[in-house]
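Coordinates in review
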Amino acid sequence: MPRQLSDAAIAVVKATAPALAVHGLAITREMYANMFRNPAIRDLFNQSHHGGEASQPKALAAAVLAYARNIDNLPALAGAVERIAQKHVGMQILPEHYPHVAEALLGAIRTVLGEAATPEIMQAWGEAYWFLADVLIERERAIYGEIAAAEGGWNGWREFVVTEVRPESSIVRSFILTPADDGPAARHRPGQYLTLWLDIPGQPPVKRNYSVSSAPDGRTYRITVKREPHGLASRWLHDRVKTGDRLKVGAPAGEFWFRSPPERPVALLSGGVGLTPMVAMLEHIAAASPQQRVLFAHGAFDGSVQAMGRHVRELMEKLPNGRATFFHEAPSPAAVRGVDYDEAGVIAADWLRRATPLAEADYYVCGPRPMLRDVVAALAAAGVPAARIHYEFFGPADEALAA
């Protein structure tokens, strides 16, 4: 059971919130520098989110500040706790890793705040850290148990064979993964992701999360990956991985998944490679509740980078109450509206108000940060309750998106 926080610790932590608002980013950068001196701890993390102007230190600074401000109202943080626990399970974070984080965080607070980090403040933040750590460890233990108990479930890293590589656009490929042991594959919730451990020559272990782009079938997973010009993992997958290769895979995880009842309309909104969890949801709807009202809207730069369009339109033929709308930001001169794309531009507030059932639909949103910020803000401004807006972001949430 999580240990309890003393009233004194709560008061001190809340009192440090103004200092965290000023120095939080310096503290989290120092914390990660402390942790990454240990290669075993460094290799647990996705290094693309760290260093320079990368987003993870900013995201953690915002999370620590939110914790300080809400430490006397912890139910307000329930969603963030679940998201963190799911991420930790995907990366195979275990209870024995938490002391390393405690040492790094408290050391960073001491270094950055200097003389202001009094023994009273350090004692309070030690209590606060271990209280939250216990909550996370308990939740992660439950998630690990649920995964291991499921048919085809596993903990740790499991070998999968790449049984097909399929081009989806000029920059996107799908990879079909099948268990190397010929056993079943745990049925993911549509929208969840897999964590891949990639052994790239000349690099420390590389770990990346990729949404499953297929509905659960108990046998295989499909991941659909955009080749990023500077993406270490995506370039390696596109350029080096072929049919018959083996990859180490963590079990499905993530708190973003389809949960709407069949009687409620849904809008699946995405941009770029953010369509991957939406295709999994659409496949699930086509199989499980084909009468459901569903709107699939996706934005791409142009037809050359548009992925899975034909597949989506084929799925829509099975959905009498379904409609797909493809936006191209810069349609090519040869593209035919109504055939190659449906709307020029991007998914915007006026279209959402005009074309979607704001008063009743559940909204699922995934895509680049600018698209997420614009769409989520537009839905909120239109009066859609937060409980009906579900979104996924690739990488850590920054302060603006979290707000």
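No experiment lies behind these values; they were computed from the predicted model shown.

This paragraph deals with the overall build of the protein. Tallying secondary structure elements over the protein gives 13 helices and 12 strands in all. Radius of gyration (C-alpha) of the protein: 22 Å, near the 22 Å computed for a compact globule of 403 residues. The burial tally for the protein puts 52% of its 403 residues in the buried class. Put simply, of all contacts in the protein between residues at least 6 apart along the chain, 73% involve residues at least 24 apart. As displayed, the protein offers around 18,200 Å² of accessible surface, 55% of which is attributable to carbon and sulfur atoms.

The next point concerns empty space enclosed by the protein. Applying the stated criterion to the full structure yields 1 cavity of 30 Å³ or more. Reported here for the largest cavity is a volume of approximately 30 Å³. As for the largest cavity, its lining consists of T16, L20, I27, I109, L113, I121 and W125. Broken down by secondary-structure element, the contributors of at least two residues to the lining of the largest cavity are α2 (17-35), α6 (98-113) and α7 (119-149). Grouping the constituent residues of the lining of the largest cavity by class yields 6 nonpolar, 1 polar and no charged.

So, about the UniProt feature "domain: FAD-binding FR-type" (unreviewed entry) in the protein. Residues given the UniProt feature "domain: FAD-binding FR-type" (unreviewed entry) here are residues 155-259. A helix fraction of 9% and a strand fraction of 42% characterise residues 155-259, whose end C-alpha atoms lie 24 Å from each other.

The strand order β10-β9-β8-β7-β11-β12 describes an open sheet built from 6 strands, whose pairing is parallel. Where the open sheet ends on each side, the last strands, each with one partner, are β10 (343-344) and β12 (389-392). Of the pairings in the sheet, the one linking strand β7 (residues 266-271) to strand β11 (residues 362-366) comprises 5 bridges and is parallel in character. Within β11, the residue paired with S270 across the bridge is C366. Packing of helix α12 (residues 369-381) onto the sheet brings it into contact with β7, β11 and β12, and relative to β11 it is tilted by some 165°.

Now for the environment of D245. The residue D245 is located in the loop between α8 (232-240) and β6 (246-253) in this model. A C-alpha to C-alpha distance of 8.4 Å links D245 and F160, two positions 85 residues apart in sequence. When residues no more than four places from it in sequence are discounted, the contact partners of D245 are F160, V161, V162 and R240. A polar contact of 2.9 Å, which involves the side chain of D245, links it to the backbone nitrogen of K242.

For the rest of this paragraph, the subject is the pattern of salt bridges. Side-chain pairing between opposite charges can occur once the charged atoms of the two side chains come close. Under the defined criterion, the tally for this structure stands at 17 salt bridges. D43 is the partner of R42 in a salt bridge, and the nearest nitrogen-oxygen pair spans 2.9 Å. Judged by its relative accessible area of 17%, D43 is buried. Among the ionic pairs, R139 bridges to E82, the shortest N-O distance being 2.8 Å. With R139 in helix α7 and E82 in helix α5 (residues 78-90), this pair connects stretches of sequence that are 57 residues apart. Take E82: its relative accessible area is 21%, and that puts it in the partly exposed class.

Here we come to the environment of P190. For P190, the location among the structural elements is in the loop between β2 (172-179) and β3 (193-198). As a C-alpha pair, P190 and V212 span 22 residues in sequence and 7.5 Å in three-dimensional space. Other than its neighbours up to four places away in sequence, P190 contacts P216, F256, W257, F258, A280, M281 and H284.

Right, let's talk about the nonpolar core for a bit. Ranked by size, the top nonpolar core spans 73 residues in total, and within it M31, W125, L177, L198, L237 and L247 carry the most contacts. No other element matches the 13 residues that α7 contributes to this core. Contact partners of L198, with chain neighbours within four places excluded, come to P205, V206, A233, W236, L237 and L247.

A word on the pairing of β3. Most of β3 is tucked away, with 5 of its 6 residues classed as buried. Judged from the 6 bridges that link them, β3 and strand β4 (residues 206-211) form a sheet pairing that is antiparallel. Of the residues in β4, the one forming a bridge with L194 is Y210. The sheet contact formed by β3 and β6 spans 4 bridges and is antiparallel. Opposite T195, over in β6, you have G250 as the bridge partner.

The next point concerns unusual backbone geometry. One non-glycine residue, Q92, lies in the positive phi region at around 65°. A positive phi angle, close to 65°, is found at M308, a residue other than glycine. For M308, the position within the fold is in the loop between β8 (294-300) and α10 (309-316).

The rules behind each value
Residues numbered from 1 in each chain as written. Predicted model: local features only at pLDDT ≥ 70, side-chain atom pairs only at ≥ 80, totals over all residues. Heavy atoms only, no water. Helix = DSSP H or I, 4+ residues; strand = E, 2+ residues; numbered from the N terminus. Rg over C-alpha atoms; globule rule 2.2 N^0.38 Å. Buried < 20%, exposed > 50% of the residue type's maximum accessible area, 1.4 Å probe, protein only. Contact = heavy atoms within 4.5 Å. Areas by Shrake-Rupley, 256 points an atom, 1.4 Å probe, with all protein chains shown as cover. 1 Å grid on protein atoms, 1.4 Å probe; cavity = no way out; pocket = protein on both sides within 12 Å on 5 of 7 lines; lining within 4 Å. Points joined across faces, edges and corners; volume = space filled by probe spheres on them. Nonpolar A, V, L, I, M, F, W, Y, C, P; charged D, E, K, R; others polar. UniProt positions renumbered as here; feature names shortened; annotations may be inferred. Pairing = 2+ DSSP bridges. Axes fitted to C-alpha atoms, helices over the stretch in contact; angles between N-to-C directions. Polar contact = N/O pair within 3.5 Å; in protein donor to acceptor, adjacent residues only side chain to side chain. Salt bridge = Lys/Arg side-chain N within 4 Å of Asp/Glu carboxyl O. Core = buried A, V, L, I, M, F, W, Y, C linked by side-chain atoms within 4.5 Å.

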